[in-house]
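In case you want the letters, here they are:
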Amino acid sequence: MTKPDQIVVSPVVGARQLALFIRLPRLLYSGLPDYVPPLDMEQKGMLNPKQSPFFAHGKACYFLAWRGNKPIGRISAQIDFLALEKTTEPRTGFFGALDALDTACVKPLLDAAENWLRQFDIERIRGPWTLNSNGESGTMIAGQNEAPMVGMGWHPKMLGPAIEAAGFEKAVDLFSYKMEVSKEAEQANQVPANLRQRLGSVTVRGLRTNHIPEDAEILKDIYNDAWAGTWGNVPLTSHEVQSLLKTMKPILKPEQYVLVEFDKEPVAIALVVPNVYDVSGDLNGAPSPLGWVKLATRILRHDFHSARVILLGVKKKLAGTALSAIIPALLIDELMQRGRHLPYRTIELGWVLETNTGIRNLIERIVPEPYKTHRMYEKTLETSGH
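An unreviewed UniProt entry annotates the protein as N-acetyltransferase domain-containing protein of Acetobacter cibinongensis.

Participant: When you look at the environment of leucine 207 in this model, what are you seeing that I'm missing?
Facilitator: Mapped onto the fold, leucine 207 is located in the loop between strand S10 (202-205) and helix H7 (212-227). The buried category is assigned to leucine 207, whose relative accessible area is 7%. Each C-alpha atom, one on leucine 207 and one on lysine 253, is 7.5 Å from the other, the two residues being 46 residues apart in sequence. Not counting residues up to four positions away in its chain, the partners in contact with leucine 207 are Ile212, Asp215, Leu252, Pro254 and Tyr257.

Participant: Mind showing me how you'd approach the environment of arginine 208 here?
Facilitator: Counting through the fold element by element, arginine 208 comes out in the loop between S10 and H7. Arginine 208 sits in the partly exposed class, given a relative accessible area of 31%. Between the C-alpha atom of arginine 208 and that of glutamate 89, which follows or precedes it by 119 residues, the distance is 39 Å. Residues in contact with arginine 208, not counting those within four places in the same chain, are Glu214, Asp215 and Ile218.

Participant: Quick question: what am I supposed to make of unusual backbone geometry here?
Facilitator: Working note: non-glycine residues mostly have negative phi, and peptide bonds are mostly trans. Of the consecutive residues threonine 130 and leucine 131, the connecting peptide bond is found in the cis state with omega at 5°. Looking at the secondary structure, you find leucine 131 in the loop between strand S6 (129-130) and strand S7 (136-137). That bond from glycine 350 to tryptophan 351 is cis: its omega, 0°, falls within 30 degrees of zero. Relative to the helices and strands, tryptophan 351 is located in strand S14 (residues 346-353). With phi around 50°, alanine 97 is a residue other than glycine that occupies positive phi space. For alanine 97, the location among the structural elements is in strand S4 (residues 92-100). Phi angles above zero are rare outside glycine, and lysine 264 is one such case at about 70°. For lysine 264, the location among the structural elements is in the loop between strand S11 (257-262) and strand S12 (265-274).

Participant: Whenever I open this one, the pairing of strand S9 (residues 169-180) confuses me. Can you help?
Facilitator: The side chains of a regular strand alternate between the sheet's two faces. In terms of strand pairing, S9 meets strand S15 (residues 372-380) through seven bridges, oriented antiparallel. Within S15, the residue paired with lysine 170 across the bridge is tyrosine 377.

Participant: Got a minute to help me understand the packing of aromatic side chains in this structure?
Facilitator: For any two aromatic rings, the description comes down to two numbers: the centre-to-centre distance and the angle of the planes. Across all of its chains, the model carries ten aromatic pairs by this definition. Between the aromatic rings of tyrosine 29 and tryptophan 154, the centroid separation amounts to 5.4 Å while the plane-to-plane angle is 65°, which identifies the pairing as edge-to-face. Pair noted here: tyrosine 29 is in helix H1 (residues 14-29) and tryptophan 154 is in the loop between strand S8 (139-142) and helix H4 (159-165), with a separation of 125 residues, a long-range link. Taking 5.5 Å as the distance between ring centres and 75° as the angle between the ring planes, the aromatic pair formed by phenylalanine 95 and phenylalanine 168 counts as edge-to-face. With phenylalanine 95 in strand S4 and phenylalanine 168 in the loop between H4 and S9, this residue pair connects regions lying 73 residues apart in the sequence. For phenylalanine 168, a relative accessible area of 3% corresponds to the buried category. Three or more aromatic residues link up through ring pairs in this structure, and these residues are Tyr29, Tyr35 and Trp154. Above the ring of phenylalanine 21, the side-chain terminus of arginine 74 is found at 4.9 Å from the ring centroid.

Participant: Explanation requested: helix H8 (residues 238-248) in the structure shown.
Facilitator: Along an α-helix, residues three or four positions apart point the same way, because every turn accommodates 3.6 residues. For H8, every residue scored as buried is listed here: Glu240, Val241, Leu245 and Met248. Looking straight down H8, one finds that the buried residues subtend no more than 125° of arc, so they occupy a single side. Those residues of H8 that are exposed and aimed more than 90 degrees away from the buried face are Lys246 and Thr247. Looking at the buried positions of H8, the neighbouring elements they touch are H7 and S12.

Participant: Looking at this structure, how should I read the nonpolar core?
Facilitator: Most often, soluble globular proteins keep nonpolar side chains buried together rather than apart. Within the largest apolar cluster, 62 residues are counted, with the highest numbers of intra-cluster contacts made by Met179, Leu219, Tyr257, Ile327, Leu331, Ile332 and Leu349. Element by element, the count of residues in this core is highest for helix H11 (residues 322-339), at nine residues. Both of domain 1 (7-175 + 375-380) and domain 2 (182-344) provide at least three residues apiece to this core. Contacts of leucine 349, omitting those with residues within four sequence positions, involve Phe175, Ser176, Tyr177, Met179, Val309, Ile332 and Ile363. Membership of the second largest hydrophobic core comes to 29 residues, among which are Leu98, Ala100, Leu110 and Ala162.

Participant: In this structure, what is going on with the side chain of aspartate 99? I would like to understand it.
Facilitator: Counting through the fold element by element, aspartate 99 comes out in strand S4. Judged by relative accessible area, which is 5%, aspartate 99 ranks as buried. At 2.9 Å, the side chain of aspartate 99 and the side chain of tyrosine 29 are in polar contact. In this view, aspartate 99 contacts Pro25, Leu28, Tyr29, Ile72, Gly73, Arg74, Trp154 and His155; residues no more than four positions away in its chain are not counted.

Participant: What am I meant to see in the environment of lysine 316 here?
Facilitator: When you line up the elements, lysine 316 lands in the loop between strand S13 (306-314) and H11. Between the alpha carbons of lysine 316 and asparagine 224 there is a distance of 10.0 Å; along the sequence they are 92 residues apart. Here alanine 228 takes part through its backbone oxygen, which lies 2.9 Å from a polar atom of the side chain of lysine 316.

Participant: Hey, could you run me through the side chain of glutamine 43 in this one?
Facilitator: Positionally, glutamine 43 belongs in helix H2 (residues 40-47). The contacts of glutamine 43, once residues within four sequence positions are left out, are Ile22, Pro38, Arg74 and Glu136.

About the thresholds
Residues numbered from 1 in each chain as written. Predicted model: local features only at pLDDT ≥ 70, side-chain atom pairs only at ≥ 80, totals over all residues. Heavy atoms only, no water. Helix = DSSP H or I, 4+ residues; strand = E, 2+ residues; numbered from the N terminus. Buried < 20%, exposed > 50% of the residue type's maximum accessible area, 1.4 Å probe, protein only. Contact = heavy atoms within 4.5 Å. Pairing = 2+ DSSP bridges. Phe/Tyr/Trp six-rings, centres within 6.5 Å; stacked < 30°, edge-to-face > 60°. Lys NZ or Arg CZ within 6 Å of the ring centre and 35° of its normal. Arc of directions from axis to C-beta. Core = buried A, V, L, I, M, F, W, Y, C linked by side-chain atoms within 4.5 Å. Domains from an automatic or database assignment. Polar contact = N/O pair within 3.5 Å; in protein donor to acceptor, adjacent residues only side chain to side chain.

The structure is reproduced here in structure tokens:
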């Protein structure tokens, strides 16, 4: 018989428990001074197997931790078949969507994820990712008191130490930088006009709203080429990038897509996403009918004051050339100039791997220190006796 204070972890079963799993962070963290709930609708797009593009190439199981009849934590365990194609690495499975205030349930939740992954002969568990490296990444370990940002999770400070106490080790930190859109920032990153001229036939354009599927494919191809072989990277699929741009369509403006072409060949890309928290933060995640009217009105007026660069990449064929050294600065310069025509006062650059010194050095000329840090963890799984 289960004791009233005993923690029980069980897999999510049925639509009602899935809905609880999706909204649980809002229930757990409600009332904490620095927490702002995301929209349940946005979370459903990531986690509901009927909606999330992840499930075209991945498989997941969700778990809830209970004390009596009260849910006190959650976690996902997932495998991505694209990641398992990397035969030079240990077979790696993921955990994600880990949320809890009661540290006592963190290890049982992680144990449940590990046990589920073992059936697939997984040798290493890594996370948190919701649901892979192209989604929400890392446990927040610094920056809890900063304004929330789209696509970046919020966690209480006790969660990171609780993961380590469960036997996980730090894999890598992910840094985010807040760049003010200002003349001073532009000057710090300015690309000299004569240098632009010496680069040759370099052009920059925005999104073609009548050619969104084609521009989505260009984005996917450059991003996958640029980040192939990078720590933890799983390639974007056409379905994922098409789904992303389709979801963004109500808030997407041509200026948010920055494509650099050299001799008419696409070679670098950046995509900026308006921060949905700017228009939804006071609606508590699940708006009332009046709240939905407010949200729709704010989106139509594009009432955003911050945004995030979610994708940035330069094709590998340019590695070692003068062009590859200057293009990231050119992308940032272009974003700043476009910021004059958009309402954004700040743009988040992130996340950036702590080991990516090239991009970090470029950003830190403008913004010396990251303002948020998320941490990735991993653990080797014992497979003997499986």
